[in-house]
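Chain by chain, the residues:
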Amino acid sequence: MDAAQTLQKLVRFLRGGDDSWTLRAGLFLAGAALVGILMIAVHMAAGLTLPAPWGDEAYFLWQARGFERWNDFIAPEIDPDRPLLLLPYGYPLIMGLVFKVTGFSLEIARAVSLVATLAGFGLLATAMRARNIAAVSLILIGAFLLNGHFVAMANNARMEAIMFAIICGALLLVQNKQYWVALGLLGGSAVIHPNAMLMGAPVFFYAIFAGQLWKNWPNRMGMIVIGIGVAAWAAQALYIFTHWAAFEHDLAYRLSETTSANKGASQFGGWHAVGLVTIFAIWALALWRKVPVAHLTAFAVGAWLMSRVREEQWYDVFNDFAYLLAALALIEIAVKEARARYPDKAIYSLGASLALVAVAGLFFLKTGRIEGPKGYLQEMNVDGMVIADEVPYFTPEDRAILEAYMNGIQEDGLTTVELYPWGDTLLFPENDPDRVSFQIPYFDPDYVASTRNWPWGYGPTYGETPTVYILRTSKYQPRWLDERFDRLMARASKRSGGREPVIIHSRDETEIWYAFPTIAEAAANP
């Protein structure tokens, strides 16, 4: 067999066929497994960094802890008098159910995000496996899912990872023409994060015409999924109505954040607008060339909307996802065009797909959506957040020293501790709340000035002065939080009677814990 025949056989194998499907599927599965193993390895390397324990994690997980303990979402660590209604309760409910089985743990919560990200990757890979660019799509998907935004999403106890898995499942359902099931899934998942409605809008618009929904009503599975979503929203609405005054306040506060004056061109204009126009151009090209990838562009538009509705680092992952889907759609259009023009020369379509993946990879590497191999872990940076080096974020010794201090600051009575960063409160899962209680000033007017600008409804309960303020500096906290740290240090000094901070623990020259006792006499440092 000469070289030309060998090459043609390889091309036929890569294009697929009954005689090669099993082997191709096995190789595809092996490639997907390799990406999954790398994702797990990076997750383990990140540990308690990228991000360091975050305030949002405390906000959601203390509510989940409340559901674990007494089947309600009251989080006394944040507000002892009323529930928090900034967002629906889907995510705290899921994590509360998990904690009932596993126990309360930040590491468990982050592991759930990893599992959800892996599930989303598996569903997306399955969708692409059925298309004409299976191998090259896996290369591009794997490169994206190992970038900093996806790594942070898989290592953060927030809703984005679960939403990613749900969206990828909906994409697979739409591709298989299960439109009503997909729409029911997206609509119901809005109780996890309302941004799901932004994804659902363009997908619904696409499904109306692609699935002729006015003629094709939901089947039994569609009715079940839609029914579950309606029931979830009904339960959320019932809970809201029982705490209506609190909901009024929190909704107004949330709207004040999302619609503040610093929006506009920075959020929707400039290169962001160019990106959206590009996605629509790919959609138009797909319709013109009759390539069935319009659903990819519909999901890309939804992901773009999810990323732009609010400037927040955790939403950037959906911006990456939008351009990943757009790139996959464009590559498939080009490959189909090459096969149509040169039906007897499969090497042309293979070359086109590989060339486009290379070009896309270089473009996304240049624009920061793909990480380069050099210094991959050491140089990964998401908005100032990095992966730990030889200096750990938190050690058993740190826990023992801090617990000894908090438990010994006074002999009798409940010790209330305001610990910053707030996410660090999650590092004490076995803390006895009857002995030491954490207090998180999430809505303190000294921290969030806009809280008092909205008089509607029942506002948050502002905590009393705690027994002690503990503030921690770390090399793993992004530097843009320094201003907040300085403000909270000044606040702690003022509320403790003008005291100077006491260093109660330090190590590695970068990890320092300061304390401001507010009682007349405090125990000596441990």
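Residues numbered from 1 in each chain as written. Predicted model: local features only at pLDDT ≥ 70, side-chain atom pairs only at ≥ 80, totals over all residues. Heavy atoms only, no water.

Participant: Quick one: what's the story with the packing of aromatic side chains, residue by residue and with numbers?
Facilitator: Tallying each qualifying case throughout the model produces 27 aromatic pairs. Aromatic pair F144 and F364: ring centres 4.9 Å apart, planes at 75 degrees, arrangement edge-to-face. Placement of the pair is F144 in helix α6 (residues 134-145) and F364 in helix α17 (residues 346-366), with a sequence separation of 220 residues. According to the relative accessible area criterion, F144 is buried, its value standing at 0%. Among the aromatic residues, ring-to-ring pairing joins Y59, F60, Y91, Y420, W422, Y442 and F485 into one connected group. The ring of W288 has R289 lying over it, and the distance from NZ or CZ to the ring centre is 4.8 Å. The lysine or arginine in question, R472, covers the ring of Y393, its NZ or CZ lying 3.9 Å from the ring centre. (Phe/Tyr/Trp six-rings, centres within 6.5 Å; stacked < 30°, edge-to-face > 60°. Helix = DSSP H or I, 4+ residues; strand = E, 2+ residues; numbered from the N terminus. Buried < 20%, exposed > 50% of the residue type's maximum accessible area, 1.4 Å probe, protein only. Lys NZ or Arg CZ within 6 Å of the ring centre and 35° of its normal.)

Participant: Before we move on, can you summarise the environment of I167 with the specific residues and values?
Facilitator: Tracing the backbone through its elements, the reader meets I167 in helix α8 (residues 160-175). In this structure I167 comes out as buried when scored by relative accessible area, which is 0%. Taking the C-alpha atoms as reference points, I167 and A303, 136 residues apart in sequence, are found 9.2 Å from one another. In this view, I167 contacts L186, M199, F299, M306, F318 and F321; residues no more than four positions away in its chain are not counted. (Contact = heavy atoms within 4.5 Å.)

Participant: An account of unusual backbone geometry is requested, with residue identities and associated values reported.
Facilitator: Here the bond from L50 into P51 is cis, since omega is 0 degrees, no more than 30 degrees from zero. You can see P51 is positioned in the loop between α2 (21-46) and α3 (55-70). The peptide bond linking Y420 to P421 adopts the cis configuration, its omega dihedral lying at 5 degrees. By secondary structure assignment, the location of P421 is in the loop between β3 (415-420) and β4 (436-438). Backbone geometry at Q212 places phi at a positive 45 degrees, although glycine is not the residue there. Assessed through its relative accessible area of 32%, Q212 is described here as partly exposed.

Participant: Summarise the sheet that holds strand β5 (residues 468-473); cite the residues concerned and give the values.
Facilitator: The strand order across the open sheet built from 5 strands is β4-β3-β5-β7-β6, with neighbouring strands paired in mixed fashion. Every other strand in the sheet has two partners, leaving β4 and β6 (502-507) as the edge strands with one partner each. Each neighbouring strand pair of the sheet contributes to a mean axis angle of 25 degrees, computed without reference to strand direction. Pairing analysis gives 6 bridges linking β5 to strand β7 (residues 511-517), with the strands arranged antiparallel. Bridge assignment links L471 to a residue of β7, and that residue is Y514. Here helix α20 (residues 482-495) sits on the sheet and contacts β3, β5 and β7; the angle it forms with β5, its principal contact strand, is near 155 degrees. (Pairing = 2+ DSSP bridges. Axes fitted to C-alpha atoms, helices over the stretch in contact; angles between N-to-C directions.)

Participant: Provide a residue-level description of the pattern of salt bridges, including the pertinent values.
Facilitator: Enumeration over the complete set of coordinates arrives at 19 salt bridges. In this structure, E312 and R158 form a salt bridge, with 3.6 Å as the shortest nitrogen-oxygen distance. Of this pair, E312 sits in the loop between α15 (294-308) and α16 (316-341) while R158 sits in the loop between α7 (148-153) and α8; the two residues are 154 residues apart in sequence, bridging distant segments of the chain. In this structure, D424 engages R472 in a salt bridge whose closest nitrogen and oxygen atoms are separated by 3.1 Å. Residue D424 is located in the loop between β3 and β4, and its partner R472 is located in strand β5; the two are separated by 48 residues in the primary sequence. Each of the two residues, D424 as well as R472, counts as buried. Salt bridges linked by common partners bring D56, R158, E160, R310 and E312 together as one network. (Salt bridge = Lys/Arg side-chain N within 4 Å of Asp/Glu carboxyl O.)

Participant: Just give me the short version of the nonpolar core, but keep the residues and values in it.
Facilitator: By size, the foremost hydrophobic cluster in this structure holds 150 residues, and its most contacted members are L61, F321 and I470. With 14 residues, α16 is the single largest residue contributor to this core. Core analysis: the next-biggest nonpolar cluster, separate from the first, contains 8 residues, L85, I240, A246 and F247 among them. (Core = buried A, V, L, I, M, F, W, Y, C linked by side-chain atoms within 4.5 Å.)

Participant: Residues and numbers for the pairing of β5, please.
Facilitator: Across the 6 residues that make up β5, a large majority, 5, are buried. Bridging between β3 and β5 involves 4 bridges; their strand directions are parallel. Across the sheet, residue L419 finds its bridge partner in β5, namely I470.

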